[in-house]
Amino acid sequence: MENFRKICLGLSGLCLLLLLVGLVLGQTMLWQPAAVGLSVSLAIGLGAVPALKGFQYTAWIITAVVAGMIYPAAFLKWGDFDLRNKWLILIVIQLVIFGMGLHMGIKDFAGLKKSWRGVLIGLLCHFSIMPLVGLLLTKVFYFEPEIAAGIILIGSCSSGLASNVMVFIARANMVLSVTVTAMATLVAPFITPLLMKLLAGTLIQISFLDMMAEIIKIVIVPIGAALLHDYLKNASASGKRKVYLITGACSIWFAVLAFGGWQYLEANTAPTVLPIVELLSFMAGAAVVSVIYHWLTLQFPKLDSIMPLFSMFGIVYFTTVTTAAGRENLLQVGFLLFLASVIHNGAGYFFGYWLSRFFGLDKNSARTVAFEVGLQNGGMASGLAGTMGKLGTVGLAAAVFSPWMNISGSILANYWRRKPVLDANEPAEKRLEPAPQVPV
């Protein structure tokens with residue numbers, strides 16, 4: 001594998017040469033495939049350079065953007081199948097969030113008791129700074145309403161797994177980071193629709209209840225499935241038996257729905273009740289999927305370590321399809337969107353850190369809150385844009401912001417790691433050890 005990566009790194013040089021020749025000669029048939037080849041070979045080849053290994057995931061995101069911009073038609077439809085299909089978007093984003101949720105555990109919520117003050121400050125900063133800065137940016141840059149709504153949307157989403165990775169690299173307060181992420185995820189179904197209604201309600205039509213239901217499906221259901229899997233790892237025999245009984249009942253419920261039950265409900269149930277039944281059915285599905293997945297991990301112990309790769313693939317898929325769908329918009333406002341992402345992200349780090357210090361948190365905790373505020377859950381924003389049917393407009397901000405968040409987060413995390421907060425109880429050699437190579 002290492003040799004293959006080195007070969008790809010060498011191929012990237014050839015692709016770069018072909019790209020430059022094609023641009024000089026104005027030959028699209030030459031520079032377009034060369035550009036895609038360059039991005040793909042670099043994304044693979046970076047793995048051969050230890051110092052750049054942590055940027056491989058970001059390189060794949062950039063590859064998705066390049067491919068979507070150059071060959072948009074290839075990533076919108078395959079035959080008669082629309083790659084922006086609402087159900088496909090939902091399933092993929094649930095897979096992404098489930099893969100991220102496997103890094104969480106029930107024990108992560110135990111940090112709330114010890115770090116409640118830091119968690120409260122982190123949540124207040126997260127759900128105030130980012131949406132308000134997003135709103136300010138839409139006023140400064142005068143984006144089209146749906147693109148502007150996308151900036152406010154990504155600012156209103158919860159923090160994601162990337163913040164935990166950056167805190168780990170920076171050797172800041174890991175307990176606080178995981179707890180803030182967990183709590184932000186739990187309150188997102190209520191806070192995100194409220195913020196969108198208040199700040200973006202004049203830009204696009206927002207239904208509080210509909211968005212809340214979509215966030216529960218997109219985030220809470222797969223996270224719940226991951227936590228149930230975590231519970232089953234150490235559950236007692238009686239605990240497992242209860243879960244299996246519940247799962248059996250859920251399976252029977254799905255069988256009833258499949259064999260005419262849903263049609264009966266549609267014909268004989270009030271329209272306001274059907275969304276509740278649908279939401280409960282998603283939760284039942286989470287229980288069934290969790291038990292099946294737990295059984296699979298017993299047969300294939302390495303499955304947990306492989307699942308994050310599926311999450312990364314899902315985000316690359318979203319980025320590619322979003323870029324392809326919004327190509328014309330990106331050609332017009334792509335640079336301004338990137339500039340907005342730099343300002344938005346930087347404001348999150350700056351205000352997250354200094355407000356935390358103002359409220360009395362120690363430096364390590366303030367660094368943690370900076371990451372929790374500055375790094376948003378781009379997958380959640382993309383998923384919501386997809387379920388709205390607005391990937392090419394509302395989803396653009398997530399496609400542009402996510403790569404920059406990963407790059408800036410990695411740079412800041414490694415900088416802070418080299419500038420540790422001195423702890424007299426920690427050996428100097430421990431403080432100065434090299435950062436772990438963690439894919440972003």
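Criteria and thresholds
Residues numbered from 1 in each chain as written. Predicted model: local features only at pLDDT ≥ 70, side-chain atom pairs only at ≥ 80, totals over all residues. Heavy atoms only, no water. Helix = DSSP H or I, 4+ residues; strand = E, 2+ residues; numbered from the N terminus. Rg over C-alpha atoms; globule rule 2.2 N^0.38 Å. Buried < 20%, exposed > 50% of the residue type's maximum accessible area, 1.4 Å probe, protein only. Contact = heavy atoms within 4.5 Å. Axes fitted to C-alpha atoms, helices over the stretch in contact; angles between N-to-C directions. Parallel < 35°, antiparallel > 145°, perpendicular 65-115°, else oblique. Left-handed = near helix turned anticlockwise from the far one by under 90°. Nonpolar A, V, L, I, M, F, W, Y, C, P; charged D, E, K, R; others polar. Phe/Tyr/Trp six-rings, centres within 6.5 Å; stacked < 30°, edge-to-face > 60°. Core = buried A, V, L, I, M, F, W, Y, C linked by side-chain atoms within 4.5 Å. Salt bridge = Lys/Arg side-chain N within 4 Å of Asp/Glu carboxyl O. Patch = residues over 30% accessible without salt bridge, like charges linked within 9 Å, V, L, I, M, F, W, Y side chains within 5 Å. Areas by Shrake-Rupley, 256 points an atom, 1.4 Å probe, with all protein chains shown as cover. pLDDT = per-residue confidence, 0-100. Polar contact = N/O pair within 3.5 Å; in protein donor to acceptor, adjacent residues only side chain to side chain. Disulfide = S-S within 2.5 Å.

**Re the overall build of the protein**
Here comes step 1: Per the secondary structure count, the protein includes 18 helices and two strands.
Here comes step 2: A compact globule built from 440 residues would reach a C-alpha radius of gyration of about 22 Å, and the protein, at 22 Å, matches this within 12%.
Here comes step 3: Taking the principal axes of its C-alpha atoms as reference, the protein extends roughly 65 × 65 × 50 Å.
Here comes step 4: Each of the 440 residues in the protein was classed as buried or not, and the buried ones make up 52%.
Here comes step 5: Taking contacts inside the protein between residues at least 6 apart in sequence as the whole, the part at least 24 apart equals 78%.

**Concerning the packing of helix 7 (residues 145-156) against helix 17 (residues 396-418)**
Here comes step 1: Taken N-terminus to C-terminus, the directions of helix 7 and helix 17 make an angle of 45 degrees; their axes are 8 Å apart at the nearest point. In terms of axis orientation, helix 7 runs oblique to helix 17. The way helix 7 lies across helix 17 gives a crossing that is right-handed. Seen from helix 7, the contacting residues are Ile147, Gly150, Ile151 and Ile154; seen from helix 17, they are Leu396, Ala397, Ala398, Phe401 and Met405.
Here comes step 2: Across the contact of helix 7 with helix 17, the residue classes tally to eight nonpolar, one polar and no charged.

**Structural notes on the packing of aromatic side chains**
Here comes step 1: If you walk through the whole model with that rule in mind, you get 10 aromatic pairs.
Here comes step 2: For the ring pair phenylalanine 141 and phenylalanine 143, a centre distance of 5.7 Å and an interplane angle of 35 degrees mean the geometry is tilted.
Here comes step 3: Its relative accessible area of 15% is what places phenylalanine 141 among the buried residues.
Here comes step 4: For phenylalanine 143, a relative accessible area of 9% gives the class buried.
Here comes step 5: The interplanar angle of 90 degrees and the centroid separation of 5.2 Å between the aromatic rings of phenylalanine 350 and phenylalanine 351 together place this pair among those described as edge-to-face.

**Quick word on the nonpolar core**
Here comes step 1: By size, the foremost hydrophobic cluster in this structure holds 103 residues, and its most contacted members are Phe143, Met196, Leu337, Phe371 and Phe401.
Here comes step 2: Residue contributions to this core peak at 12 residues, all from helix 10 (residues 208-234).
Here comes step 3: In this structure phenylalanine 401 touches Ile151, Ile154, Leu337, Ala340, Ser341 and His344, once residues within four positions along its chain are discounted.
Here comes step 4: Counting residues in each nonpolar core, the second largest holds seven residues, with Ala34, Val36, Leu38 and Ile70 among its members.

**Quick look at unusual backbone geometry**
If a residue is not glycine, its phi is most likely negative; likewise, a peptide bond is most likely trans.
Here comes step 1: Here the phi dihedral of tyrosine 142 falls at roughly 55 degrees; this positive angle occurs in a residue that is not glycine.
Here comes step 2: One non-glycine residue, arginine 171, lies in positive phi territory at about 55 degrees.

**A closer look at the environment of valine 165**
Here comes step 1: Its place among the elements puts valine 165 in helix 8 (residues 161-170).
Here comes step 2: Residue class for valine 165 comes out buried when judged on its relative accessible area of 14%.
Here comes step 3: Residues valine 165 and tyrosine 142, spaced 23 residues apart in sequence, show a C-alpha to C-alpha distance of 34 Å.

**What about the pattern of salt bridges?**
Here comes step 1: Applying the stated criterion across every chain, the model contains six salt bridges.
Here comes step 2: Of the charged contacts, one joins lysine 217 and glutamate 214 as a salt bridge, the two residues approaching to 3.5 Å between their closest N and O atoms. With lysine 217 and glutamate 214 both in helix 10 and three residues apart, this pair spans about one turn of that helix.
Here comes step 3: For glutamate 278, the salt bridge goes to lysine 217, with nearest N and O atoms at 2.4 Å. Pair noted here: glutamate 278 is in helix 12 (residues 274-299) and lysine 217 is in helix 10, with a separation of 61 residues, a long-range link.
Here comes step 4: For glutamate 278, a relative accessible area of 24% puts it in the partly exposed group.

**As for a nonpolar patch on the surface**
Here comes step 1: A cluster of nonpolar side chains, namely Ile7, Leu11, Leu14, Leu17, Leu18, Val21, Val24 and Leu25, defines an oily patch on the protein surface of about 750 Å² accessible area.
Here comes step 2: By the element assignment, leucine 11 lies in helix 1 (residues 2-25).

**Overview of the confidence of the model for the protein**
Low pLDDT marks regions whose predicted coordinates should not be analysed in detail.
Here comes step 1: When pLDDT is averaged across the protein, the result is 85; 94% of the residues are at 70 or more.
Here comes step 2: Per-residue pLDDT stays below 50 along residues 424-440; that stretch engages in 31 contacts with residues further than four places along the chain or on separate chains.

**Notes on helix 16 (residues 378-388)**
Think of an α-helix as turning once every 3.6 residues; residues three or four places apart then point the same way.
Here comes step 1: Extensive coverage of helix 16 is indicated by the burial of 10 of its 11 residues.
Here comes step 2: Buried residues along helix 16 sit in contact with helix 4 (86-101), helix 7, helix 9 (174-200), helix 10, helix 13 (303-325) and helix 17.
Here comes step 3: The opening residue of helix 16 is asparagine 377, an N-cap whose side-chain oxygen sits 3.3 Å from the backbone nitrogen of glycine 379.
Here comes step 4: In the stretch just after helix 16, glycine 389 is the one whose phi turns positive, near 75 degrees.

**Remarks on the state of the cysteines**
Every disulfide links exactly two cysteines, by a covalent bond between their sulfur atoms.
Here comes step 1: Summed over the entire model, instances satisfying the criterion amount to zero disulfides.
Here comes step 2: Between cysteine 15, a free cysteine, and cysteine 8, which holds the nearest cysteine sulfur, the sulfur-to-sulfur gap is 9.4 Å.
Here comes step 3: According to the relative accessible area criterion, cysteine 15 is buried, its value standing at 15%.
Here comes step 4: Among the cysteines around cysteine 125, which has no disulfide bond, cysteine 157 carries the closest sulfur, lying 18 Å off.

**Here's the deal with the packing of helix 4 against helix 10**
Here comes step 1: Contact geometry of helix 4 with helix 10 gives a least axis separation of 8 Å together with a crossing angle of 40 degrees. As the angle between them shows, helix 4 and helix 10 are arranged oblique. Pair helix 4 / helix 10 crosses with right-handed handedness. Contacts from Lys86, Leu90, Ile93, Gln94, Ile97, Phe98 and Gly101 in helix 4 reach Glu214, Lys217, Ile218, Val219, Val221, Pro222, Ile223, Ala225 and Ala226 in helix 10.
Here comes step 2: Its residues assigned to classes, the contact of helix 4 with helix 10 comprises 11 nonpolar, two polar and three charged.

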